[in-house]
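# Descriptive structure summary
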Amino acid sequence: MEFLLDPSIWAGLLTLIVLEIVLGIDNLVFIAILADKLPPKQRDKARLIGLSLALLMRLGLLSLISWMVTLTRPLFSVADFSFSGRDLILLFGGLFLLFKATMELHERLENRQHEAEGNRAYASFWAVVVQIVILDAVFSLDAVITAVGMVNHLPVMMTAVVIAMGVMLLASKPLTNFVNAHPTVVVLCLSFLLMIGLSLVAEGFGFHIPKGYLYAAIGFSILIELFNQIARRNFLKHQSHRPMRERTAEAILRLMGGRRGAQPVSSEGAEVAAVMPQEAFKDEERYMINGVLTLASRSVRSIMTPRGDISWVDAERPVDEIRIQLLDTPHSLFPVCRGELDEIIGVVRAKELLVALEHGMDVATFAASTPPIIVPDTLDPINLLGVLRRAKGSFVVVTSEFGVVQGLITPLDVLEAIAGEFPDEDETPDIIADGDGWLVKGGTDLHSLQQLLDTQELVKAEDDHASLAGLLIAQKGQLPQPGEVIELLPFRFQILEATDYRVDLVRVTKERDEHEEEEA
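### Comments concerning the overall build of the chain
The helix and strand tally for the chain stands at 20 helices and 14 strands. Relative to its 520 residues, the chain shows a buried fraction of 39%. Long-range contacts, defined as pairs at least 24 residues apart, comprise 60% of the intrachain contacts of the chain with a sequence gap of at least 6.

### Examining the side chain of Glu225
With respect to the helices and strands, the residue Glu225 is situated in helix 8 (residues 211-240). Here Glu225 sits buried without a salt bridge, and the closest side chain of opposite charge, Arg232, lies 8.3 Å off (N-O distance). A distance of 2.7 Å separates the side chain of Glu225 from the side chain of Gln229, its partner in a polar contact. Excluding residues that lie within four positions of it along the chain, Glu225 makes contacts with Thr184, Val185 and Leu188.

### Concerning the sheet that holds strand 5 (residues 333-337)
Across the sheet, 3 strands lie side by side as 4-5-6; this open sheet has mixed pairing. The open sheet has two edge strands, strand 4 (313-314) and strand 6 (344-349), and neither has a second partner. As paired elements, strand 4 and strand 5 share 2 bridges and run parallel to each other. Bridging from a neighbouring strand, Asp314 pairs with Cys337 of strand 5. Here helix 14 (residues 350-358) sits on the sheet and contacts strand 5 and strand 6; the angle it forms with strand 6, its principal contact strand, is near 100 degrees.

### A short note on helix 17 (residues 411-419)
Every buried residue of helix 17 is accounted for by Asp413, Val414, Glu416, Ala417 and Ile418. Phi turns positive one or two residues past the end of helix 17, at Gly420, with a value near 105 degrees.

### Description of the nonpolar core
By size, the foremost hydrophobic cluster in this structure holds 18 residues, and its most contacted members are Leu458, Leu468, Leu472, Phe493, Val506 and Val508. Among the elements of the structure, helix 18 (446-453), helix 19 (468-476), strand 12 (485-488), strand 13 (491-498) and strand 14 (503-510) are those that each provide at least two residues to this core. Element by element, the count of residues in this core is highest for helix 19, at 4 residues. Dropping the residues within four chain positions of it, Leu468 is found in contact with Val440, Lys441, Gly442, Thr444, Leu446, Leu449, Phe493 and Val506. Counting residues in each nonpolar core, the second largest holds 17 residues, with Phe334, Leu354, Val363 and Ala364 among its members.

### With respect to the packing of helix 13 (residues 319-328) against helix 14
Where helix 13 meets helix 14, the axes come as close as 10 Å, and the angle between the chain directions of the two elements is 150 degrees. The angle between helix 13 and helix 14 falls in the class roughly antiparallel. Two packed elements cross with a definite hand, and for helix 13 against helix 14 that hand is left-handed. Across from Val319, Ile322, Arg323, Leu326 and Leu327 in helix 13, the residues of helix 14 making contact are Ala350, Leu353, Leu354, Leu357 and Glu358. Its residues assigned to classes, the contact of helix 13 with helix 14 shows 8 nonpolar, no polar and 2 charged.

### Description of the side chain of Thr509
Note on placement: Thr509 falls in strand 14. We classify Thr509 as buried; its relative accessible area is 14%. Leave out the neighbours within four places in its chain, and Thr509 touches Asp436, Gly437, Pro490, Phe491 and Arg492.

### Structural notes on the confidence of the model for the chain
For the chain, per-residue confidence averages 76 on the pLDDT scale, and residues scoring 70 or more make up 72% of the total. The low-confidence segment residues 114-119, where pLDDT is below 50, has 2 contacts with residues more than four positions distant or belonging to other chains. Between residues 259-278, whose pLDDT stays under 50, and residues either more than four places distant or in other chains, the model counts 29 contacts.

### Describing the pairing of strand 7 (residues 373-376)
Pairing of strand 7 with strand 8 (residues 396-399) involves 4 bridges; the strand directions are parallel. Residue pairing for strand 8: Val375 is matched across the bridge by Val398.

### Some points on the packing of aromatic side chains
Within this structure, the stated rule accounts for 1 aromatic pair. Ring plane angle 75 degrees and centroid distance 5.7 Å describe the contact between Phe83 and Phe205, whose orientation is recorded as edge-to-face. Here Phe205 lies in the loop between helix 7 (183-204) and helix 8 and Phe83 lies in strand 2 (residues 81-84), a separation of 122 residues in the sequence. Overall, Phe205 belongs to the partly exposed group, its relative accessible area being 32%.

### Side note on the pairing of strand 14
It is a general feature of regular strands that their side chains alternate between the two faces of the sheet. The buried fraction of strand 14 amounts to 6 of the 8 residues, a majority that puts the element mostly inside the structure. As paired elements, strand 11 (residues 437-441) and strand 14 share 5 bridges and run antiparallel to each other. Paired with Gly437 across the two strands is Thr509, which belongs to strand 14. In sequence, strand 13 turns back onto strand 14 through a hairpin of 4 residues.

### Remarks on the sheet that holds strand 12
Strand order in the open sheet formed by 5 strands is 10-11-14-13-12, and the pairing between neighbours is antiparallel. Pairing within the sheet leaves two strands with one partner each, and these edge strands are strand 10 (431-434) and strand 12. Each strand axis lies, on average, 25 degrees off the axis of its neighbour in the sheet, ignoring direction. Seen against the sheet, helix 19 touches strand 11, strand 12, strand 13 and strand 14 and runs at an angle of roughly 95 degrees to strand 12.

Basis of the calculations
- Residues numbered from 1 in each chain as written.
- Predicted model: local features only at pLDDT ≥ 70, side-chain atom pairs only at ≥ 80, totals over all residues.
- Heavy atoms only, no water.
- Helix = DSSP H or I, 4+ residues; strand = E, 2+ residues; numbered from the N terminus.
- Buried < 20%, exposed > 50% of the residue type's maximum accessible area, 1.4 Å probe, protein only.
- Contact = heavy atoms within 4.5 Å.
- Lys, Arg positive; Asp, Glu negative; His and termini not counted.
- Salt bridge = Lys/Arg side-chain N within 4 Å of Asp/Glu carboxyl O.
- Polar contact = N/O pair within 3.5 Å; in protein donor to acceptor, adjacent residues only side chain to side chain.
- Pairing = 2+ DSSP bridges.
- Axes fitted to C-alpha atoms, helices over the stretch in contact; angles between N-to-C directions.
- Core = buried A, V, L, I, M, F, W, Y, C linked by side-chain atoms within 4.5 Å.
- Parallel < 35°, antiparallel > 145°, perpendicular 65-115°, else oblique.
- Left-handed = near helix turned anticlockwise from the far one by under 90°.
- Nonpolar A, V, L, I, M, F, W, Y, C, P; charged D, E, K, R; others polar.
- pLDDT = per-residue confidence, 0-100.
- Phe/Tyr/Trp six-rings, centres within 6.5 Å; stacked < 30°, edge-to-face > 60°.

Here it is as structure tokens:
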């Protein structure tokens, strides 16, 4: 045991352990890929048996050092190439690696591994173990030859191999989990095995490729993959800070063909959008789904009927005038006010109020029995739905923080925000097709216009306007005059009708790009 006191023995042992671990990494990677073909309960067992057999194989080969040396003697020659036992083992081992790596790479490029877990066909346990043993035989030869070339003491060689194999056993499961959790790493590792297999075939024919070149290429590739994994991790971390509802909405909108200019929210969403053509959804379906998904991001002001369009009953007017107003207006519900719109007494149905007038009831007294439901203009549209349910078919009044009435919202207004406009008998649609453009009212909701024009450039989260007129005034910096043209590429807005205090009618056209003109 005197040789144990020799520092050079310990240095050789440590160096050999490191080299054995390095030489065993590619072996571990391939074992991880093979073990993934087994049911989850059998993977640990396959790794344990495979690496244990590899340990026994390496210890057995080390015991036959004298025979290992004879493997370098030529056995036969073909043309200008002579082959020894070592050359044949390297040649067949390299071909085996090339075959297996190519098949595994083809399987992943064909995306076959993404089948449903319940329908997945697992490989036979012993078939995988046999492949692991064959692979170990190839890599064991390289490791044993390295050991023989570095250290002259058989006990030191065996100790280094046992320690290195123990480290590999401990690292096999974490490495397998990591490789299987990162598909790009699997493809990278298979590329390494292709390169290693090619180098083994070259050495079998007598062309020596320095290991430093291989390790340098592998190290550089790992560094690039590390950068990719860091970038992906930071991307997912950034995405996790965004609400799940927002991310889901963007993914579905992209699947339907919307938001073409936006960056992909996730690789999964991009993959689904790539295989799901836009024609899978009809225009009406796309419009409605888009309306549902964008409802939460809208403001109450963009949904409500604005103050200027509200038909209301003045309780202080003569009864005959009120009766005529109720009969001439197609609305079924009216807010009853005292002198001005901001003094709301209650909400009445036209039919019920007409009956009350016939019986000589006071308008204000009758309206006070059904007080209005008032909500602030800062209310979230999603929470608004619950308020509308409590209204039981009536409407809610929207006010500012100072109690000034801004508008009112009915269930129909919410439906129009989702499915498009349903104009009353006494009104024209907000948007009318006009040749190669559209005639749009100034008070048209920007979300509805944006959906019709199939763009995402009109509504910005930081803007406080909700109508087309508000957008054009913000762009101009002042109230535009009739005849003026405002361009928001690729759209052109021409003011057709406007007064000193509002924009009434706008013609919207879309500029055709060169590609569309060539197709035409």
